[in-house]
Amino acid sequence: MAVNDVERCEVYELHEDKVRDVLEKMPDEDTLCDLAELFKVFGDSTRIRILYALFEADICVCDLAETLHMTQSAISHQLRILKQAKLVGARREGKLVIYFLADDHVRTMIDQGREHIEE
């Protein structure tokens, strides 16, 4: 069987109890769309690099730009997306805005994703 082939049942037999159980546990469409949008945010390597930097330290845009060898403008654009997804937060310290991971869930999602690809 080729890698792209999908096995199919030889006999069509509907298992109503399994279908019902799955449908009862399936989140509503809005929740599924929100989850898909969250995972889209993780689909950009620059945003992943920013999150990894924030694992190590709460940091300003200037320092992130230097660390990642990017412009402040490019970093700011990606931070805006990460903030909208509630993955990072920000606080003002005088004239600086310091960015940080929103919570431990962010680190957990990245760590689990990394474990998955390294299996």
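Residues numbered from 1 in each chain as written. Predicted model: local features only at pLDDT ≥ 70, side-chain atom pairs only at ≥ 80, totals over all residues. Heavy atoms only, no water.

Where an unreviewed UniProt entry is consulted, the protein chain appears under the name ArsR family transcriptional regulator, with the organism given as Moryella indoligenes.

1. Looking at a nonpolar patch on the surface
The line we're drawing: Only residues whose relative accessible area exceeds 30% and that take part in no salt bridge are eligible for patches, with like-charged residues grouped when within 9 Å of each other and nonpolar side chains (Val, Leu, Ile, Met, Phe, Trp, Tyr) grouped when within 5 Å. Areas reported here follow the Shrake-Rupley algorithm with a probe of radius 1.4 Å; residue values treat only the protein chains shown as occluding. Here, a salt bridge means any Lys or Arg side-chain nitrogen found within 4 Å of an Asp or Glu carboxyl oxygen. Numbering of helices and strands runs from the N terminus; a helix is a DSSP stretch of H or I covering at least four residues, while a strand is a stretch of E covering at least two.
Taken together, the side chains of Tyr12, Leu14, Val19 and Leu23 define a hydrophobic patch exposed on the protein surface, amounting to about 480 Å² of accessible area. Structurally, valine 19 can be placed in helix H1 (residues 16-25).

2. Considering the pairing of strand E3 (residues 96-101)
Spelled out, the test is: Whether two strands pair depends on DSSP finding at least two bridges between them.
Alignment of strand E1 (residues 59-60) against E3, held across two bridges, turns out to be antiparallel. Its bridge partner lying in E3, isoleucine 59 is registered against tyrosine 99. Bridge count for strand E2 (residues 88-93) against E3 is six bridges, and the pairing is antiparallel. Within the sheet, the bridge partner assigned to arginine 91 lies in E3 and is isoleucine 98. The loop that links E2 with its antiparallel partner E3 comprises two residues; one of these, glycine 94, has a positive phi angle of about 65 degrees.

3. Structural notes on the pattern of salt bridges
In plain terms, the rule: Relative accessibility under 20% of the residue-type maximum defines a buried residue, over 50% an exposed one, and the middle range a partly exposed one, all with a 1.4 Å probe and only protein chains included.
Overall, the coordinates contain four salt bridges when judged by the stated rule. For glutamate 118, the salt bridge identified is with arginine 114, shortest N-O distance 3.0 Å. You can see glutamate 118 and its partner arginine 114 sitting in helix H6 (residues 104-118), four residues apart, about one turn around the helix. For glutamate 118, a relative accessible area of 54% gives the class exposed.

4. Describing the packing of helix H3 (residues 45-56) against H6
Basically, it comes down to this: Lines fitted to C-alpha atoms define the axes, with helix axes restricted to the stretch in contact, and inter-axis angles between N-to-C directions lie between 0 and 180 degrees. The scheme is simple: roughly parallel for angles under 35 degrees, roughly antiparallel for over 145, roughly perpendicular for 65 to 115, oblique for anything else. By definition, turning the near helix anticlockwise from the far helix through less than a right angle yields a left-handed crossing, and turning it clockwise yields a right-handed one. We call two residues in contact whenever any of their non-hydrogen atoms come within 4.5 Å of each other. Throughout, the ten residues Ala, Val, Leu, Ile, Met, Phe, Trp, Tyr, Cys and Pro are labelled nonpolar, Asp, Glu, Lys and Arg are labelled charged, and all others, Gly among them, are labelled polar.
Across the interface, H3 lies against H6 with an axial gap of 11 Å and an inter-helix angle of 120 degrees. Comparing the axis directions of H3 and H6 gives the class oblique. Classified by chirality, the crossing of H6 by H3 is left-handed. Listed contacts from H6 to Ile48, Leu51, Tyr52 and Phe55 of H3 are Val106, Arg107, Ile110, Asp111 and Arg114. The class makeup of the residues in the contact of H3 with H6 is six nonpolar, no polar and three charged.

5. Let's talk about a negative patch on the surface
Quick note on the threshold: Only four residue types enter the charge count: Lys and Arg as positive, Asp and Glu as negative, with His and the chain ends excluded. Think of each charge as sitting on NZ of Lys, CZ of Arg, CG of Asp or CD of Glu.
A cluster of like negative charges, contributed by Glu16, Asp17, Asp21 and Glu24, occupies part of the molecular surface. With respect to the helices and strands, aspartate 21 occurs in helix H1.

6. Examining the layout of surface pockets
Rules: Lining residues are defined by having an atom within 4 Å of a point belonging to a cavity or pocket. Those points lie on a 1 Å grid over the protein atoms alone, cavities being sets where a 1.4 Å probe fits but cannot get out and pockets being open sets with protein on both sides within 12 Å along at least five of seven lines. Grid points are joined across faces, edges and corners, and a volume is the space filled by probe spheres set on the points.
Of the volumes computed, that of the largest pocket is approximately 170 Å³. Contributing to the lining of the largest pocket are Phe39, Phe42, Ile48, Tyr52, Met109, Ile110, Gly113, Arg114 and Ile117. Sorting the residues of the lining of the largest pocket by element identifies H3 and H6 as the ones contributing at least two each. Per-element accounting of the lining of the largest pocket gives the leading share, five residues, to H6.

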